[in-house]
Amino acid sequence: MEAEAAPSQGGALLPTDMTILLVDDDRTSRLIVSGLLIKCGYKVEVADSGQQALDILRAEQKQIHLVLTDVMMPGIDGLDLLKAVRTSQRYHHVPVIMMSSNEHVGTVWESVRLGAEDYLLKPVGMRDVQHIWTHVWRRRILFQRQGVKQVEEAQPPVCLGLLLLRVRVARRIRQRVR
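Here the structure is a predicted model, which is why all the values come from computation and not from measurement.

### Here's the deal with the pairing of strand β3 (residues 66-70)
A large share of β3 lies buried, amounting to 5 of its 5 residues. Across the two faces of β3 the burial is the same, with L66, L68 and D70 and V67 and T69 all buried. Taken together, β3, helix α3 (residues 78-87) and strand β4 (residues 96-100) constitute a β-α-β crossover, and its handedness is right-handed.

### Quick notes on the confidence of the model for the protein chain
The share of residues in the protein chain with pLDDT of 70 or more is 72%, and the mean pLDDT across the chain is 81. Confidence over residues 1-10 falls short of pLDDT 50; this stretch has 31 contacts with residues more than four positions distant or in other chains. In this model, residues 150-161 is a region of pLDDT below 50 whose contacts with residues beyond four sequence positions or in other chains number 26 contacts.

### A look at the packing of helix α2 (residues 50-59) against α3
When two helices pack together, their arrangement is given by the angle between the helix axes and the distance between those axes. Between α2 and α3, the shortest axis-to-axis distance is 9 Å and the interhelical angle comes to 20 degrees. With respect to α3, the element α2 is oriented roughly parallel. Where α2 crosses over α3, the two elements pack in a sense that is right-handed. For the pair α2 and α3, the contacting residues are G50, A53, L54 and L57 in the first and L81, A84 and V85 in the second. Of the residues in the contact of α2 with α3, the class split is 6 nonpolar, 1 polar and no charged.

### With respect to the nonpolar core
Counting 25 residues, the largest nonpolar core has L21, V23, I64, V67, L81 and M98 as the members making the most contacts within it. Elements with a contribution of two residues or more to this core: β1 (19-23), α2, α3, β4, α4 (105-113) and β5 (118-121). When residues no more than four places from it in sequence are discounted, the contact partners of L21 are E45, A47, A53, I56, L57, I64, L66, V67 and L68.

### Examining the pattern of salt bridges
Enumeration over the complete set of coordinates arrives at 6 salt bridges. In this structure, D70 and K122 form a salt bridge, with 3.4 Å as the shortest nitrogen-oxygen distance. Of the two residues, D70 is situated in strand β3 and K122 in the loop between β5 and α5 (126-130); the sequence distance between them amounts to 52 residues. Take D70: its relative accessible area is 6%, and that puts it in the buried class. We note a salt bridge from K83 to D80, for which the minimum N-O separation is 3.7 Å. Placement of both K83 and D80 in helix α3 is noted, with a separation of 3 residues, approximately one turn of the helix. A network of salt bridges, in which partner residues are shared, links D24, D70 and K122.

Cut-offs and rules
Residues numbered from 1 in each chain as written. Predicted model: local features only at pLDDT ≥ 70, side-chain atom pairs only at ≥ 80, totals over all residues. Heavy atoms only, no water. Buried < 20%, exposed > 50% of the residue type's maximum accessible area, 1.4 Å probe, protein only. Helix = DSSP H or I, 4+ residues; strand = E, 2+ residues; numbered from the N terminus. Right-handed = clockwise from strand over helix to strand, strands pointing away. pLDDT = per-residue confidence, 0-100. Contact = heavy atoms within 4.5 Å. Axes fitted to C-alpha atoms, helices over the stretch in contact; angles between N-to-C directions. Parallel < 35°, antiparallel > 145°, perpendicular 65-115°, else oblique. Left-handed = near helix turned anticlockwise from the far one by under 90°. Nonpolar A, V, L, I, M, F, W, Y, C, P; charged D, E, K, R; others polar. Core = buried A, V, L, I, M, F, W, Y, C linked by side-chain atoms within 4.5 Å. Salt bridge = Lys/Arg side-chain N within 4 Å of Asp/Glu carboxyl O.

This is the structure we're talking about:
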């Protein structure tokens, strides 16, 4: 799998340059989230299980820039998929964002501990997906600052405090809406 796509302009990687691997066992959720991603200009590959996602990544037929996966799925769940991505020599550099209706801090903590870049609470909306490209961009900037020549050579730092804050803020917003 290549580390980078040909940028659209001036070295910047734009959402239209990115392919997102969306993984969710719930058909309705896949349709809604893939529709939102497409409206934002992303190219979308869809998998209905963790195993199918791993097969897509291993096939290397398409460059995947980011994995957006549900946490709770039968078989290989989102956390198992995250572990597989992080321990792989070929695609450990790919950012992984978890999504779930489970806002339990233990689940968020485990996701972060295993290397997730973000944790989105379902239902996922347009605001959630509009800027997920920044995770790819941030990772590249971080690696450049570290002097890493290829994305595959580096491991990103984890910022648990900000991620937990994001989940708490999302929880408060949901409570106000209800």
